[in-house]
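# Results of the structural survey
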Amino acid sequence: MPRYGGQAVIEGVMMRGPRAWAVAVRRPDGSIAVKREELPDRPGGWRFPFLRGVVLLYEALVLGVKALSISAAEAAGEEEKLGRGEIAATIIFGLGAGVVLFVLFPAGAAYFFRHQVPAYWLQNLLEGLVRLGVFLAYLWLIGLLPDIKRVFAYHGAEHRVINAYEAGAPLTLEGVRGYPIIHLRCGTSFLLLVLLLSIFFFSLVGQGPLWWRFLSRLLLLPVIAGVSYELLRLSSGVQHLWLKILVAPGLWLQRLTTREPDEEQVEVAITALQAVLPEGGEGDVGKASRTGDSV
């Protein structure tokens, strides 16, 4: 079975399939706007293990910003959307902020306490714990915002619909009801796996001045992302105990990034998935609910 996945956006869900992606958004008048596009051609050799994780991560960033732009405009009842330059600027700013917050700050904090913690393996462990603490605090704090709570509910709706589809259930409100809002192949699990593996990989570069610590972390990020993707991909098909243990923290962490969705949110997720399935997929909810024009 082809793999489908997506992400929550403002008042909507983006779904991605093997050949296309689509975003469905609940408009202020209650209708659902749908935009579907073919996926761009990927570079040759992108299917190679470890490389494909980096390629797909970049693709997810680009599509995610596009979907957020569409959802923000549709949810507000506006027509204006981000252009290519604005999308690129948004991605660069987001990546830069993430690097500073989750890479440079923890590395700098561990370096600052190097005299109090002389053993390098302890410094590396301290850096990993600071990074994990910042990540958890960030998720908890943004989860207090009412608008983000709704995004997290759409995140739960996305997982529920994907779980139902993978179980062969009909894509109707009744058919997907009761399926879990936690999913193994989730971006939250991926990010946590990256944070945990970074403790091991960063320990391999040894001690050095602050500039070397910063540079080595940045250079290793694509490597860690590639390994994390392969492990997450492997865990969905192979039931080894060590893999279950490795991905278990990510499943627990999804309790912070998902909320129980209502039926209107599930309806949007179904519509988004049906838009990328061959010939519109199964079920009548998506077809019946597309009362707004496609965007």
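Here goes a summary of the coordinates provided. Computed from a prediction, not measured in an experiment: that's the story for all the values here.

Our focus in this paragraph is the packing of helix H3 (residues 120–142) against helix H6 (residues 187–202). If you want to describe how two helices pack, look at the angle between their axes and the distance between the axes. Contact geometry for H3 and H6: axes closest at 9 Å, N-to-C directions at 165 degrees. The orientation of H3 with respect to H6, classified from their angle, is roughly antiparallel. Read as a crossing pair, H3 and H6 show a hand that is right-handed. In this structure, H3 uses Tyr120, Asn124, Glu127, Gly128, Arg131, Leu132 and Phe135 to contact H6, whose residues at the interface are Leu191, Leu192, Leu195, Ser198, Ile199 and Phe202. Residue composition of the contact of H3 with H6, by class: eight nonpolar, three polar and two charged.

The next thing to look at is the pattern of salt bridges. This model, assessed by the stated rule, comprises 13 salt bridges. For the salt bridge of Glu166 with Arg185, the shortest nitrogen-to-oxygen distance reads 2.6 Å. Here Arg185 lies in the loop between helix H5 (173–176) and H6 and Glu166 lies in helix H4 (residues 146–166), a separation of 19 residues in the sequence. Relative accessible area serves as the criterion here: at 32%, Glu166 is assigned to the partly exposed category. Its relative accessible area of 26% is what places Arg185 among the partly exposed residues. In this structure, Glu174 and Arg177 form a salt bridge, with 2.2 Å as the shortest nitrogen-oxygen distance. When salt bridges with common partners are traced through the structure, they connect Glu127, Arg131 and Arg217 into a single cluster.

Rules behind the numbers
- Residues numbered from 1 in each chain as written.
- Predicted model: local features only at pLDDT ≥ 70, side-chain atom pairs only at ≥ 80, totals over all residues.
- Heavy atoms only, no water.
- Axes fitted to C-alpha atoms, helices over the stretch in contact; angles between N-to-C directions.
- Helix = DSSP H or I, 4+ residues; strand = E, 2+ residues; numbered from the N terminus.
- Parallel < 35°, antiparallel > 145°, perpendicular 65-115°, else oblique.
- Left-handed = near helix turned anticlockwise from the far one by under 90°.
- Contact = heavy atoms within 4.5 Å.
- Nonpolar A, V, L, I, M, F, W, Y, C, P; charged D, E, K, R; others polar.
- Salt bridge = Lys/Arg side-chain N within 4 Å of Asp/Glu carboxyl O.
- Buried < 20%, exposed > 50% of the residue type's maximum accessible area, 1.4 Å probe, protein only.

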